[in-house]
Amino acid sequence: MIYDVVIIGGGPGGYTAALYCVRAGLSALLLEKLSPGGQMAVTSVIDNYPGFENGIDGFDLGQKMKACADRFGAKTLLAQVFSVDLKSDIKKIESSEGVFEAKTVVIATGASPRKLGLKEEDSLAGRGIAYCATCDGMFFKNKTVAVIGGGNSAVEDALYLSNICKKVYLIHRRNELRAASVYGSALEKAERIEIVWNAVVKKVLHENVVTGITVEDTVSGKLSDIACDGVFVAVGRIPNTELVKDVLKTDASGYIIADETTRTDIPGVFAVGDVRTKPLRQIVNACADGACASKFIEEYIRTGNI
Ligand code: NAP
């Protein structure tokens, strides 16, 4: 069978594309390697997706988005995609569940945590270094942790961990947070959080497991040690473009170049959600991308491109 569309990635962008495509009468296969929801599946409470006045658990929202697409006939397979051939009219997607053919492809692979780039980072992952507070926070109950970063993720992680841990250091390389001001009052009230300004992590101290970090004061150049049991790295994300980075045009940070139409530089290939160039990466505009993609997929097929 040749699908009208194969969607790679089951986050909000991918599932909205699936929902809109099947409702428009197109056949859609969605390939997801882990579980529906993407990044939001590892977010405990989502308060800024409209329609849930008490917030919603990210995993539940992922399941609901899948159910919406399922209802109209979208097919999901849990599969890892190994390679894609996007240049032919009929696109080929090679995966752990077989090879699939499609008239159009949606890249909805999202983004992953950026690493600090420290020598000991990989070997200590799972032994004190973590990238997801909601996944690993409970391992540090009543312990001391450091959260690295100054964006929304770092502040959300620090606030989340302050309800579990004895003490949370928020280590930021500047003297001003990048995070939205809406978090200000919550941070002020969080007695267990101490913000360490102008500090760059130079080393993770360890004796098999993490015992602390060495930070450098960016103003004085002074080095100091902070004792902690865990380090949560929240310094932004990098796009998951391994499959397509030599094929599709990307910007300097590696995001697939696509505008509001979600069209990429290859006809019949679309990029939605966090993986594409955009000024703000949120669930709500990932969903908007999915809806937009369906309009241009439908137009691409209808106007005889294929
Ligand atoms: P981000 O906004 O890019 O922030 C990354 C933070 O890490 C910045 O404070 C940056 O410092 C710092 N940083 C980057 N590289 C570093 C390094 N090597 N060492 C130390 N610090 C480093 O990333 P994010 O917080 O993951 O958020 C990503 C996107 O998701 C954003 O658009 C954000 O608004 C969105 N988001 C939204 C929500 C929400 O609305 N609920 C929650 C989470 C994320 P500088 O500030 O000095 O550059």
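From a predicted model like this one, the values you see are computed outputs, not experimental measurements.

Student: Help me out: how do you make sense of the site of the ligand in this one?
Tutor: Near the ligand lie 20 residues; those nearest to it are Asn48, Glu156, Arg174, Arg178 and Gln282. Measuring from an oxygen atom of the ligand, one finds a backbone N or O atom of Gly150 at 3.0 Å. When the ligand sits alone it has 910 Å² of accessible area, and the protein chains cover 76% of it. The greatest single-element share of the shell around the ligand, amounting to three residues, is contributed by helix α5 (residues 152–162). Summarising the domain contributions, the shell around the ligand has at least three residues from each of domain 1 (2–112 + 237–302) and domain 2 (115–233).

Student: What is the right way to read the nonpolar core from this model?
Tutor: General note: in soluble globular proteins, nonpolar side chains tend to be found buried as a group. Within the largest apolar cluster, 30 residues are counted, with the highest numbers of intra-cluster contacts made by Ile7, Met65, Val106 and Ile297. Within the residue set of this core, elements represented by two or more residues are β1 (2–8), α1 (12–23), β2 (28–32), α2 (58–71) and α7 (283–302). When residues in this core are grouped by element, the largest group, seven residues, is from α7. Setting aside anything within four residues of it in sequence, one finds Val106 in contact with Val5, Val6, Ile7, Ile8, Phe270, Val272 and Ile297. Within the second largest apolar cluster, 23 residues are counted, among which are Ala79, Phe100, Ala102 and Ala271.

Student: Sorry, what's going on with the sheet that holds strand β10 (residues 167–171) here?
Tutor: Whenever strands of a sheet pair, they do so through backbone hydrogen bonds, lying parallel or antiparallel. Spatial ordering of the open sheet is given by β8-β15-β9-β10-β11, a layout of five strands whose pairing is parallel. Edge positions in the sheet fall to β8 (129–130) and β11 (193–196), since each of these pairs with one other strand and no more. Relative to strand β15 (residues 230–233), strand β9 (residues 144–148) is paired through four bridges, and the arrangement is parallel. When the sheet's bridge partners are listed, Ala146 is paired in β15 with Val231.

Student: Can you help me understand the environment of Met1 in this one?
Tutor: Mapped onto the fold, Met1 is located in the segment before β1. Among the residues examined, Met1 registers a relative accessible area of 69% and is labelled exposed. Excluding residues within four positions of it along the chain, Met1 makes contact with Ser27 and Glu101.

The rules behind these values
- Sequence order sets the numbering: in each chain, residues are counted from 1 along the sequence as written.
- Reporting of local features is limited, given that this is a predicted model, to residues whose pLDDT is at least 70; pairs of side-chain atoms are given and counted only at 80 or more, and all residues count toward the totals for whole chains, interfaces and linings.
- Each side-chain value is worked out from all heavy atoms of the structure, with water and hydrogens disregarded.
- Any residue with a non-hydrogen atom lying within 4 Å of a molecule or strand is treated as near it.
- Here a polar contact is taken to be a pair of N or O atoms separated by no more than 3.5 Å, where protein atoms must pair a possible hydrogen donor with a possible acceptor and residues adjacent in sequence count only if both atoms sit in side chains.
- Note that accessible areas follow from Shrake-Rupley with a 1.4 Å probe, and for residues the cover is restricted to the protein chains shown.
- Helix and strand labels come from DSSP, where a helix needs a run of H or I of at least four residues and a strand needs a run of E of at least two; each type is numbered from the N terminus.
- All the domain ranges listed were derived from an automatic or database domain assignment.
- We define a nonpolar core as any set of buried Ala, Val, Leu, Ile, Met, Phe, Trp, Tyr and Cys residues linked to one another through side-chain atoms lying within 4.5 Å.
- Per-residue accessibility, obtained with a 1.4 Å probe over protein chains only, is compared with the maximum for each type, and a residue is labelled buried under 20%, exposed over 50%, and partly exposed between these values.
- The criterion used for residue contact is that any of the two residues' heavy atoms lie within 4.5 Å.
- For two strands to be treated as a pair, DSSP must find no fewer than two bridges joining them.

Functional significance is not addressed by these values, which are geometric in nature.
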